[in-house]
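The residues making up each chain are set out below.
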Amino acid sequence: MDSGDAAAVRRLIDKDQIVDLVHHYSYYVDHRLYDEVVQLFTEDCVVDYGPGVPPVRSRVGLRQMFGHPGAGFAATSHHNSNVLVTFEDDDHASVRTSVYAWHRRADGGTPRLWGYYHDSMVRLPEGWRIAERQLWTWGRGLEYGDALGP
Amino acid sequence: MDSGDAAAVRRLIDKDQIVDLVHHYSYYVDHRLYDEVVQLFTEDCVVDYGPGVPPVRSRVGLRQMFGHPGAGFAATSHHNSNVLVTFEDDDHASVRTSVYAWHRRADGGTPRLWGYYHDSMVRLPEGWRIAERQLWTWGRGLEYGDALGP
Amino acid sequence: MDSGDAAAVRRLIDKDQIVDLVHHYSYYVDHRLYDEVVQLFTEDCVVDYGPGVPPVRSRVGLRQMFGHPGAGFAATSHHNSNVLVTFEDDDHASVRTSVYAWHRRADGGTPRLWGYYHDSMVRLPEGWRIAERQLWTWGRGLEYGDALGP
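Residues numbered from 1 in each chain as written. Chains lettered and ligands numbered in written order. Predicted model: local features only at pLDDT ≥ 70, side-chain atom pairs only at ≥ 80, totals over all residues. Heavy atoms only, no water.

Student: Just checking my understanding: could you explain the overall build of chain A for this structure?
Tutor: When helices and strands are counted, chain A shows four helices and six strands. Ordered by position from N to C terminus, the α and β elements of chain A give α-α-β-β-α-β-β-β-β-α. Dimensions of chain A along its principal axes, counting C-alpha atoms only, are 65 × 30 × 25 Å. In chain A, which comprises 150 residues, the share counted as buried stands at 55%. For chain A, the proportion of contacts with a sequence separation of at least 24, taken over those separated by at least 6, is 50%. Accessible surface, chain A as shown: approximately 6,900 Å² in total, 53% of it carbon and sulfur. (Helix = DSSP H or I, 4+ residues; strand = E, 2+ residues; numbered from the N terminus. Buried < 20%, exposed > 50% of the residue type's maximum accessible area, 1.4 Å probe, protein only. Contact = heavy atoms within 4.5 Å. Areas by Shrake-Rupley, 256 points an atom, 1.4 Å probe, with all protein chains shown as cover.)

Given below as structure tokens:
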């Protein structure tokens, strides 16, 4: 294996860990493992779910946001696709992931969302973490029950 | 490449084969290649599609389940996401995969499903195989035609 | 690392580049970066979006197809899954990818599509490119507004 291949392999190993980070977010949220979710982020992370919601700042702030299960969804299912990783340097990467999310509300409504995560990942001594996450929403869908409702 | 990297590379190679196993299942089912589907499983596999359906036991049993095309769907489309592989040892892995499945029935109805596969994979002399599969369903959706129907 | 592992690593590196090619297509289309989209294809590519639409031939032809934004969609969201790469030789690969696509028309309608991309990839001096792409559509869905409309 020449030095070019060895460098490519190091990138593959890092990329694999970064992709797992994206997928663990969805897995933990869908399984309501909120303590585990926030461990994926840096202490001073910034998470922006889009217009109309102020960005959440810090791991502590993120845990508080996930701390009100009654205000949230009865179930969620996040489906990540098309994960694209661009390395800025050995310890920083920019990541784009397409997401299709299905939610079930307590009243039975099941809103859907189509969009992209725009993430900044950083390598810390303990591993790769999400430093910044922005959700860009292409569209939101009302399911049948919603559309017919009052 | 140091020994830590070499071990990481071995894991990447195994993980790639395991992820392909998950994807081949969907590809073969969607293309109605049922003889090929069951070759992905161990001879004594256990496949549990969830409450209301008894688990299928053995590759032979699984082939029989797929042997009644008239009782099945006119078309299916399985979309896997978020594949997470955890190695228990060199020859055993636990795998979680988010799935969004679209189906078309003979009557034109197109039910949807959102959930997770919980798989146990084992390395046999001929390669990685699925030893156990459980489908955890978050939700099922009725499409428009169903919802309006009698 | 023995020679078998080294060969497997070369395949992993190539496969990673090929999978990125599939994902970049969706990313560029969803972000309306059409000059970037066509750079993913060979000069003499053939792209077949299925029955009812003549195949597009050449990168120039593909750019023209994407050149009429008014005739297209107001927004698209392409979600790739289950990417399966089969190498025919060191420089040619056959790729199957499951796709779920959501579109929003200018009138607000949001048609959906479920299907598979069947791709032929080739390694050029500048990297892997898509030589042929066929879209196999399992189904198309009308969203609620369409179904109720006149």
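Student: Help me out: how do you make sense of the side chain of C:S81 in this one?
Tutor: By the secondary structure assignment, C:S81 is in strand β3 (residues 75–89). Engagement of the side chain of C:S81 in a polar contact is seen with the backbone oxygen of B:N80, the distance being 3.2 Å. The residues contacting C:S81, other than those within four sequence positions of it, are A:S81, B:H79, B:N80, B:S81, C:T97 and C:S98. (Polar contact = N/O pair within 3.5 Å; in protein donor to acceptor, adjacent residues only side chain to side chain.)

Student: Help me out: how do you make sense of the relation of the copies chain B and chain C in this one?
Tutor: The relation between the two chain copies is a rotation about an axis coupled with a shift along that axis. Mapping chain B onto chain C leaves a residual RMSD of 0.0 Å; the transformation is a rotation of 120 degrees accompanied by 0.0 Å of translation along its axis. The operation mapping one copy onto its partner corresponds to a three-fold rotation axis. (Least-squares fit on C-alpha atoms with pLDDT ≥ 70 in both.)

Student: Just checking my understanding: could you explain the confidence of the model for chain A for this structure?
Tutor: The predicted structure's coordinates, where accompanied by low pLDDT, should not be read in detail. Residues and elements named next belong to chain A. When pLDDT is averaged along chain A, the result is 89, and 91% of the positions lie at 70 or above. Within chain A, the element-level pLDDT minimum falls on helix α4 (residues 144–148), averaging 39, and the maximum on strand β1 (residues 41–48), averaging 98. Here residues 144–150 scores under 50 on pLDDT; set against residues more than four positions off or in separate chains, the count is eight contacts. Interface confidence for the predicted complex, expressed as ipTM, amounts to 0.90; the pTM equals 0.92. (pLDDT = per-residue confidence, 0-100.)

Student: I'm lost on the sheet that holds strand β2 (residues 56–57) of chain A in this one. Help?
Tutor: Pairing between sheet strands relies on hydrogen bonds along the backbone, with the strands arranged either parallel or antiparallel. Overall, mixed pairing links the six strands, which are arranged β2-β1-β6-β5-β4-β3 (chain A) in an open sheet. Whereas interior strands pair on both sides, the edge strands pair on one side only; in this sheet they are β2 and β3 (75–89) of chain A. The pairing of strand β5 (residues 112–124) of chain A with strand β6 (residues 127–141) of chain A spans 13 bridges and is antiparallel. Each residue of the ladder has a partner; that of A:R112, found in β6(A), is A:G141. Packed onto the sheet, helix α1 (residues 3–30) of chain A meets β1, β3, β4 (92–104), β5 and β6 of chain A and runs at close to 155 degrees relative to β3(A). Taken strand by strand, helix α1 (residues 3–30) of chain C contacts β3, β4, β5 and β6 of chain A, and its axis lies near 105 degrees from that of β3(A). (Pairing = 2+ DSSP bridges. Axes fitted to C-alpha atoms, helices over the stretch in contact; angles between N-to-C directions.)

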